[in-house]
Amino acid sequence: WLTNITANQSPLAAAWMTPGSAKVLSEVKIHEGFQVAYLAVRGRIMERLEKEGLDPSETPVDIAGHSLGGALATLAAVDFASKGFKVRCVTWAAPRVGNAAFGHWYKSLNVPTARFILRFDPVPHVPMDKTQRLGTTAAFIEKLLSHV
């Protein structure tokens, strides 16, 4: 749960950067807890891929996850795709992981993605914009329905 509640959005860590990407990714912010959790395992994953000598352009990678695992799958998908891997991503009930700039970056990588959510499950709709003021349950439901 600590990973889930460390919800501050923070800039990308240096591990995400590739040559020439710093300017493009300067506006990208992601959920701090998810970034910490992903980066805790990322090194071992990348080390294993390098050890196997896999060619990213010829290596398909399917990534899937549920809830927190879906958030981590989203981060892994963008990470692998930015390194040239052929990635497909499927998530169930995954929360949002980044700001609008992250969304634009993700879309620019053309990762085939299936994101499954239940209409009234709040997890896929958080964190909500800090500018939103939801005063009633009806407003909350209306906000949820607008994302489905």
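For the structure itself, look to the data block above.
Worth saying up front: this structure is predicted, and the values here are computed from it rather than measured.

(A) Region of the structure containing the sheet that holds strand β4 (residues 86-92). Sheet architecture is open: three strands sit in the order β3-β4-β5, paired in parallel fashion. With one partner strand each, in any of the chains shown, β3 (60-66) and β5 (113-116) form the two edges of the open sheet. The mean angle between the axes of side-by-side strands here comes to 10 degrees, regardless of whether they run parallel or antiparallel. Bridging between β3 and β4 involves seven bridges; their strand directions are parallel. Paired with His 66 across the two strands is Trp 92, which belongs to β4.

(B) Fine view of unusual backbone geometry. Within the chain, Ser 67 stands out as a residue other than glycine whose phi angle is a positive 55 degrees. Relative to the assigned elements, Ser 67 resides in the loop between β3 and α4 (68-82).

(C) Geometry of the packing of helix α3 (residues 32-52) against α4. Close contact between α3 and α4 brings their axes to 10 Å; oriented N to C, the two are set at 50 degrees. Between α3 and α4, the angle falls in the class oblique. In the packing of α3 onto α4, the handedness of the crossing is right-handed. Facing Phe 34, Gln 35, Ala 37, Tyr 38, Arg 42, Ile 45, Met 46 and Leu 49 of α3, the residues of α4 in contact are Leu 68, Ala 71, Leu 72, Leu 75, Ala 76, Asp 79 and Phe 80.

(D) Spatial organisation of the pattern of salt bridges. Following the criterion strictly, the structure yields four salt bridges and no others. Where Asp 79 meets Arg 42, a salt bridge forms, and the shortest distance between an N and an O atom there is 2.6 Å. In this pair, Asp 79 is assigned in helix α4 and Arg 42 in helix α3, connecting sequence segments 37 residues apart. Among the ionic pairs, Lys 83 bridges to Asp 79, the shortest N-O distance being 3.1 Å. Among the residues examined, Asp 79 registers a relative accessible area of 0% and is labelled buried. Each of Arg 42, Asp 79 and Lys 83 takes part in one network of salt bridges that share partners.

(E) Spatial organisation of the side chain of Gln 35. Relative to the helices and strands, Gln 35 is located in helix α3. Classification of Gln 35 as buried rests on a relative accessible area of 6%. At 3.2 Å, the side chain of Gln 35 and the backbone oxygen of Pro 11 are in polar contact.

Conventions adopted
- Residues numbered from 1 in each chain as written.
- Predicted model: local features only at pLDDT ≥ 70, side-chain atom pairs only at ≥ 80, totals over all residues.
- Heavy atoms only, no water.
- Pairing = 2+ DSSP bridges.
- Helix = DSSP H or I, 4+ residues; strand = E, 2+ residues; numbered from the N terminus.
- Axes fitted to C-alpha atoms, helices over the stretch in contact; angles between N-to-C directions.
- Parallel < 35°, antiparallel > 145°, perpendicular 65-115°, else oblique.
- Left-handed = near helix turned anticlockwise from the far one by under 90°.
- Contact = heavy atoms within 4.5 Å.
- Salt bridge = Lys/Arg side-chain N within 4 Å of Asp/Glu carboxyl O.
- Buried < 20%, exposed > 50% of the residue type's maximum accessible area, 1.4 Å probe, protein only.
- Polar contact = N/O pair within 3.5 Å; in protein donor to acceptor, adjacent residues only side chain to side chain.

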